Amino acid sequence: MRRFVLLAAASLLAPAVARAVDINDGQLAIHGDGAWSFQRTSNGNGYLDATPDGNYDLASFNLVVAARPEPRLTITADLAFDPHHVGLEWMFVEWRVSDQLRLRAGRVKQPIGSSGELIFAGTTRPFYQLPVSVYGPANIVANSYLGVGLTGQRSGDTAWGIEYDLYFGALKLNELETYRALEVPPEASVTAPITVDRQLVREILGGRLSLTTPFDLTLRVSGYGGRMDKDETSKVTFLVGGLSAEYQAGPLRLGSELFVSAEVHYEHSVGAHLTAAWWLDDHWQLAGRLEGFQTWVPRIDGVTPLQRHREGALALNYWFSPGLVVKASVHQVSGNRFVYPAHTSYQDLVTSPPARRTSMVLVGTQFAF
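If you're wondering where the values come from, they're calculated on a predicted model, not measured in any experiment.

Peer 1: Is there a simple way to explain the overall build of the protein chain in this structure?
Peer 2: Along the backbone of the protein chain there are four helices and 19 strands. For 369 residues, the compact-globule formula gives about 21 Å, and the C-alpha radius of gyration of the protein chain, at 21 Å, lands near that figure. Here the protein chain, with 369 residues, has 46% of them falling under the buried criterion. A total accessible area of about 17,500 Å² is found for the protein chain, and carbon and sulfur atoms account for 61% of it.

So, in structure tokens, the structure goes:
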């Protein structure tokens, strides 16, 4: 068991290209992450990709190619495939001045939280999906930023280590805001179907500071700020900040994060999760997670179920190897911040309020090379 746990830990901490297929002594590396799942909900509600009838059409694959034409220069790209979309998730160039300073430019993986750069790497986590309250369509984390950045790390003779990231540019956030039904929207949007929108944040300045300790504990502080178009005539300041902690020793893994976001003078949200996982033996893993998310809007009295999300989940996983796992989980959701009846509109949420409690089952597999 100890050997397998060490292998799994190494796969979590190593860069993605370290598990890749190397060509010509590392000048070209190819890495891939794939996943498929079946997801089904109760009470007629939809929850992200899960549907009341059961959604089988949830296969995805990410192909990562890293080229190193010279020792200090690396070019990396991620091409994503799923049944409804083919696109470039990120592509950037990196120039290594030293271990303490590397320069990046392009469409770069956003360094935020514990898993911002591992969104598509399902074999790095105990649950099939990352917690929606931080990494979902909650206006907190983006897949990438468009701009320039600095990153580096420093470690001494002890187990202490520090890593930093600093970036500037723009990013696109996925947002799902069911509470819009409580406002008075333009007539055209009243009967519009509820969808995940893309929100552009410009002129961002962001960063992350990570501290590795000799106590099997990693601490991170992340944040960024920028300008967001509120409507055709006005812009608002948008801010995000959060704390992350990870602990991994022997068969135990713990992780917790707390993030806040704010459209200044308009609304603000808080999202958090606590995740625990335990290796039962060399292959079986048991995991549990509690999470919550809430949005406050000054122009809406009180806090309704459309502004609130609470979720508890249990997972049982079977790992064939660090690169192949089958996962099964059950989820109990309270609130409708990210849950709503399938094929409905914002108007329907008011005239026919959805069930406030939703159950979901998920069975899937994730793999990497």
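Further notes follow.
Peer 1: Would you take a moment to explain unusual backbone geometry for this structure?
Peer 2: Most peptide bonds take the trans configuration, and most residues that are not glycine carry a negative phi. Non-glycine residue N43 carries a positive phi angle of around 65°. By the element assignment, N43 lies in the loop between β2 (28-41) and β3 (45-47). Of note in the backbone geometry, D216 takes a positive phi value of approximately 60° without being a glycine. Residue D216 is classed as partly exposed on the basis of its relative accessible area of 44%.

Peer 1: Please clarify how empty space enclosed by the protein should be interpreted in this entry.
Peer 2: One simple way to see leftover space: roll a probe sized like a water molecule over the atoms. Under the defined criterion, the tally for this structure stands at four cavities of 30 Å³ or more. Approximately 80 Å³ is the volume attributed to the second largest cavity. Residue lining of the second largest cavity: 14 residues in total, with N139, S261, E263, E267 and S269 positioned closest to the centre. Sorting the residues of the lining of the second largest cavity by element identifies β13 (252-263), β14 (267-279) and β15 (284-296) as the ones contributing at least two each.

Peer 1: Please clarify how the pattern of salt bridges should be interpreted in this entry.
Peer 2: Per the counting criterion, the structure on display carries 14 salt bridges. Note that E246 and R220 form a salt bridge whose closest N and O atoms lie 3.1 Å from each other. On the criterion of sequence distance, the pair formed by E246 in strand β12 (residues 235-249) and R220 in strand β11 (residues 217-229) is long-range, its members being 26 residues apart. Through salt bridges with shared partners, a single network forms among E175, E177, R180 and D197.

Peer 1: Explanation requested: the pairing of strand β8 (residues 144-155) in the structure shown.
Peer 2: As a general feature of sheets, a regular strand has side chains that alternate between the two faces. As paired elements, strand β7 (residues 101-109) and β8 share eight bridges and run antiparallel to each other. Bridge assignment links A105 to a residue of β8, and that residue is V148. When β8 meets strand β9 (residues 161-175), the two strands line up antiparallel, connected through 11 bridges. Residue pairing across strands places S155 opposite G161, the latter belonging to β9.

Peer 1: So what exactly am I meant to see when it comes to the environment of F320 here?
Peer 2: With respect to the secondary-structure elements, F320 resides in strand β16 (residues 308-321). Expressed as a C-alpha distance, the spacing of F320 and H283, which sit 37 residues apart in the sequence, is 6.4 Å. Not counting the four nearest positions on each side in its chain, F320 is found in contact with H283 and V326.

Peer 1: What am I meant to see in the nonpolar core here?
Peer 2: One recurring pattern in soluble globular proteins: nonpolar side chains tend to sit buried together. L171 and Y224 are the most contacted members of the largest nonpolar core, which has 46 residues in total. Membership of the second largest hydrophobic core comes to five residues, among which are F127, A277, A313 and A315.

Peer 1: Please clarify how the side chain of T76 should be interpreted in this entry.
Peer 2: One can find T76 in strand β5 (residues 73-82). Given the relative accessible area of 10%, T76 is considered buried. Residues contacting T76, with those up to four places away along its chain left out, are V64, V65, A66, W90, M91 and F92.

Peer 1: Before we go on, may I ask you to explain the packing of aromatic side chains in this structure?
Peer 2: Remark: the centre distance and the inter-plane angle together describe each pair of aromatic rings, the angle taken between the planes. Evaluation of the coordinates by the stated rule reveals 10 aromatic pairs. Taking the centre distance of 5.9 Å and the plane angle of 90° together, the rings of W160 and F215 count as edge-to-face. On the criterion of sequence distance, the pair formed by W160 in the loop between β8 and β9 and F215 in the loop between β10 (197-212) and β11 is long-range, its members being 55 residues apart. Look at W160 and you get partly exposed, because its relative accessible area is 40%. By relative accessible area, which is 53% here, F215 ends up exposed.

Peer 1: Help me understand the pairing of β15, please; the structure alone is not making it clear to me.
Peer 2: Strand direction decides the pairing type here: β14 and β15, joined by 12 bridges, are antiparallel. When the sheet's bridge partners are listed, G271 is paired in β15 with F293. Here β14 folds back onto β15, and the loop between the two strands holds four residues.

Peer 1: How should I be thinking about the environment of N174 in this particular structure?
Peer 2: Position of N174 among the secondary structure elements: in strand β9. Given a relative accessible area of 27%, N174 falls into the partly exposed group. A sequence separation of 37 residues divides N174 from P137, and the C-alpha atoms of the two residues are 4.6 Å apart. The residues contacting N174, other than those within four sequence positions of it, are G136, P137, A138, N139, V196, D197 and R198. Engagement of the side chain of N174 in a polar contact is seen with the side chain of R198, the distance being 3.0 Å.

About the cut-offs
Residues numbered from 1 in each chain as written. Predicted model: local features only at pLDDT ≥ 70, side-chain atom pairs only at ≥ 80, totals over all residues. Heavy atoms only, no water. Helix = DSSP H or I, 4+ residues; strand = E, 2+ residues; numbered from the N terminus. Rg over C-alpha atoms; globule rule 2.2 N^0.38 Å. Buried < 20%, exposed > 50% of the residue type's maximum accessible area, 1.4 Å probe, protein only. Areas by Shrake-Rupley, 256 points an atom, 1.4 Å probe, with all protein chains shown as cover. 1 Å grid on protein atoms, 1.4 Å probe; cavity = no way out; pocket = protein on both sides within 12 Å on 5 of 7 lines; lining within 4 Å. Points joined across faces, edges and corners; volume = space filled by probe spheres on them. Salt bridge = Lys/Arg side-chain N within 4 Å of Asp/Glu carboxyl O. Pairing = 2+ DSSP bridges. Contact = heavy atoms within 4.5 Å. Core = buried A, V, L, I, M, F, W, Y, C linked by side-chain atoms within 4.5 Å. Phe/Tyr/Trp six-rings, centres within 6.5 Å; stacked < 30°, edge-to-face > 60°. Polar contact = N/O pair within 3.5 Å; in protein donor to acceptor, adjacent residues only side chain to side chain.

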